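Here is how the chains run, residue by residue.
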Amino acid sequence: MNRIYNFSAGPATLPTEVLEEAQAELLDYQGSGMSIMEMSHRGKYYDAVHKEALANFRELLNVPEEYAILFLQGGATTQFSQIAMNLLGEGQVADYINAGAWSKKAIKEASIIGKVNIAADCGSEIPTRQARQEELKLSPNAAYLHCCSNETISGAQIKEFPKSDAPLVCDMSSDILSRRLNVSDFGLIYAGAQKNLGPAGVAMVIIRKDLAERVPDSVPEMLRYTTHIANDSMFNTPPTFSIYLLCLVSRWLKKKGGLEAMEAQNDRKAAELYEAIDATDFYSGTAVKEFRSTMNVTFRLATEELEKKFIAEASAKGLDGLKGHRSVGGIRASIYNAMPEAGVDALIAFMKEFEQANA
Ligand SMILES: *Cc1c(COP(=O)(O)O)cnc(C)c1O
């Protein structure tokens with residue numbers, strides 16, 4: 001077997017232990033004689049997985065009673081409109097911070113549903129960054145304030161979440177479970193699974209239950225948070241295999257010491273990588289230093305030609321997925337929870353070698 005270091009932004013690397021466990025019980029789940037993906041979602045085997053995943057994430061993120069955790073389909077992208085459909089009422093305005101490509105998509109979708117105020121706009125700035133509290137132009141009585149905690153494409157991450165009187169809604173697709181979090185500071189948190197949670201096919205939503213009651217009568221049942229809260233995310237067939245893998249990842253996180261241990265490891269990995277970038281003029285970081293992401297480390301070389309060579313030679317050495325997003329180019333090393341420290345060490349060693357050969 002040849003497992004490479006996969007720096008892809010998403011779908012992204014999963015813990016090898018988790019994949020091995022899934023492999024071991026793929027054909028015969030716990031003596032049932034079938035795979036977990038072949039059985040009824042109402043049966044006892046899947047029911048136990050579903051409940052355990054919810055309980056583990058509640059424990060890991062310390063989610064208070066008054067919040068529901070939901071597993072929904074349609075990715076984080078569906079949340080862009082679903083949030084507005086449910087929380088942005090007629091005659092109201094929602095504040096949005098534009099900090100890059102994902103913020104922009106959220107804004108575009110919400111604008112189809114209702115009125116959006118851009119509270120801060122740093123989405124096209126290079127070097128990239130997140131907004132600062134003092135620049136926010138907040139609306140009085142906003143329905144909510146939306147932000148993206150980690151702009152996956154640019155590598156700019158919120159270090160201190162914005163404050164306002166309105167409930168805070170946050171896209172955490174690429175950094176949920178990477179650091180400790182005070183869920184009570186938020187009205188709604190959402191994340192597509194395929195970066196830091198598990199495989200594609202499911203989005204996790206954490207919502208303060210009273211906010212869900214705002215939903216207007218015009219919203220179809222499947223798109224109401226209240227529907228999924230009332231049915232424990234089993235209103236229709238959930239993506240059972242994806243949620244099963246999420247359950248395995250949640251167990252893995254608990255075994256690794258939870259979010260405190262993850263945060264310490266992620267800080268260490270990112271610091272080492274940024275140190276290697278800053279040690280030389282050969283590489284230059286893309287994000288403003290105070291907003292550098294611990295998950296998606298973006299940097300550039302002097303020319304696109306050199307970047308192409310870097311990506312190709314790294315890939316040949318088993319360091320894959322380093323190509324920056326097609327919209328911005330450059331290099332992006334995604335170092336989510338499941339990327340081992342040895343992977344980051346290998347990348348740093350390659351960076352030094354490449355510089356020596358090409359400087
Ligand atoms: C990947 C990503 C999305 C989109 O997720 P899908 O599950 O593909 O819809 C949204 N927001 C952020 C920050 C992302 O990284």
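A. Quick peek at the environment of methionine 37. The topology assignment puts methionine 37 in the loop between helix H1 (16–24) and helix H2 (44–60). As a C-alpha pair, methionine 37 and leucine 27 span 10 residues in sequence and 9.5 Å in three-dimensional space. Setting aside chain neighbours within four positions, we find methionine 37 in contact with Leu26, Thr240 and Phe241.

B. Here's a closer look at the side chain of serine 334. Its location among the elements puts serine 334 in strand E14 (residues 331–334). In this structure the side chain of serine 334 is engaged in a polar contact, spanning 2.9 Å, whose partner is the side chain of asparagine 296. When residues no more than four places from it in sequence are discounted, the contact partners of serine 334 are Asn6, Phe7, Ser8, Ala9, Met295, Asn296 and Met339.

C. Layout of the site of the ligand. Near the ligand, the surroundings consist of 13 residues, among which Thr77, Thr152, Asp171, Gln194 and Lys195 are the closest. In the model, a nitrogen atom of the ligand is placed 2.6 Å from a nitrogen or oxygen of the aspartate 171 side chain. A distance of 2.9 Å is found between an oxygen atom of the ligand and a side-chain nitrogen or oxygen belonging to glutamine 194. Coverage of the ligand by the protein amounts to 88% of the 390 Å² it exposes when considered alone. Tallied by class, the residues present in the shell around the ligand amount to 4 nonpolar, 7 polar and 2 charged.

D. Expanded view of the sheet that holds E14. Ordered by their spatial adjacency, 3 strands build an open sheet running E11-E12-E14, and the pairing between neighbours is antiparallel. Every interior strand has two partners, whereas the edge strands, strand E11 (284–285) and E14, have only one. Inspection of the sheet shows strand E12 (residues 296–300) paired to E14 by 4 bridges, in the antiparallel sense. Pairing of threonine 298 across the sheet is with arginine 332, part of E14. Its contacts with the sheet place helix H8 (residues 258–278) against E11, E12 and E14, and it is angled at close to 5° to E12.

E. Structural detail: the packing of H2 against helix H7 (residues 240–255). H7 packs onto H2 with a crossing angle of 45° between their chain directions and a minimal axis gap of 9 Å. On the basis of the axis angle, H2 is oblique to H7. The handedness of the crossing between H2 and H7 comes out as left-handed. Counting all contacts with H2, which are made through Tyr46, Val49, His50, Glu52, Ala53, Asn56, Phe57, Glu59 and Leu60, the residues of H7 involved are Thr240, Ile243, Tyr244, Leu246, Cys247, Ser250, Arg251, Leu253 and Lys254. Tallied by class, the residues present in the contact of H2 with H7 amount to 10 nonpolar, 4 polar and 4 charged.

F. Quick peek at H7. Taking 1.5 Å per residue, 16 residues should reach 22 Å; H7 reaches 23 Å between its end C-alpha atoms and fits that length. Those residues of H7 that sit buried are Thr240, Ser242, Ile243, Tyr244, Leu245, Leu246, Cys247, Leu248, Val249, Ser250, Trp252 and Leu253. Contacts from the buried residues of H7 go to H1, H2, strand E2 (67–72) and H8. In the segment just after H7, glycine 257 is the residue with positive phi, at about 110°.

G. Quick look at the domain arrangement of the protein. By the assigned domains, the protein splits into domain 1 (17–255) and domain 2 (259–358). Each side of the interface is counted separately: domain 1 has 26 residues, and domain 2 has 23 residues. In this assembly, domain 1 packs against domain 2 so that about 2,200 Å² is buried in total across both faces, 56% of it on carbon and sulfur atoms. Across the domain 1-domain 2 interface, the total number found is 2 salt bridges. A salt bridge links arginine 132 to glutamate 290, with the nearest nitrogen and oxygen atoms 2.6 Å apart. For the side of domain 1 that touches domain 2, the secondary-structure elements that each account for two or more residues are strand E7 (156–157) and H7.

H. Spotlight on empty space enclosed by the protein. Per the counting criterion, the structure on display carries 2 cavities of 30 Å³ or more. Estimated volume of the largest cavity: approximately 80 Å³. In terms of lining residues, the largest cavity is bounded by 15 residues, among which Thr13, Leu14, Asn196, Leu197 and Ala338 are the most central. Broken down by class, the residue content of the lining of the largest cavity amounts to 9 nonpolar, 5 polar and 1 charged. The residue makeup of the lining of the largest cavity includes at least three contributed by each of domain 1 (17–255) and domain 2 (259–358). Considered as a void within the structure, the second largest cavity measures approximately 60 Å³ in volume. Taken together, Phe71, Leu72, Gln73, Met222, His228, Ser233, Asn236, Thr237, Pro238 and Pro239 make up the lining of the second largest cavity. Here the lining of the second largest cavity is built from residues that sort into 5 nonpolar, 5 polar and no charged.

I. Geometry of the pairing of E12. By the criterion of burial, E12 is predominantly enclosed, with 4 of the 5 residues buried. In terms of strand pairing, E11 meets E12 through 2 bridges, oriented antiparallel. Its bridge partner lying in E12, serine 284 is registered against arginine 300.

Definitions and cut-offs
- Residues numbered from 1 in each chain as written.
- Predicted model: local features only at pLDDT ≥ 70, side-chain atom pairs only at ≥ 80, totals over all residues.
- Heavy atoms only, no water.
- Helix = DSSP H or I, 4+ residues; strand = E, 2+ residues; numbered from the N terminus.
- Contact = heavy atoms within 4.5 Å.
- Polar contact = N/O pair within 3.5 Å; in protein donor to acceptor, adjacent residues only side chain to side chain.
- Near = heavy atom within 4 Å.
- Areas by Shrake-Rupley, 256 points an atom, 1.4 Å probe, with all protein chains shown as cover.
- Nonpolar A, V, L, I, M, F, W, Y, C, P; charged D, E, K, R; others polar.
- Pairing = 2+ DSSP bridges.
- Axes fitted to C-alpha atoms, helices over the stretch in contact; angles between N-to-C directions.
- Parallel < 35°, antiparallel > 145°, perpendicular 65-115°, else oblique.
- Left-handed = near helix turned anticlockwise from the far one by under 90°.
- Expected span 1.5 Å × (residues − 1).
- Buried < 20%, exposed > 50% of the residue type's maximum accessible area, 1.4 Å probe, protein only.
- Domains from an automatic or database assignment.
- Buried area = accessible area lost by both parts, 1.4 Å probe.
- Salt bridge = Lys/Arg side-chain N within 4 Å of Asp/Glu carboxyl O.
- 1 Å grid on protein atoms, 1.4 Å probe; cavity = no way out; pocket = protein on both sides within 12 Å on 5 of 7 lines; lining within 4 Å.
- Points joined across faces, edges and corners; volume = space filled by probe spheres on them.

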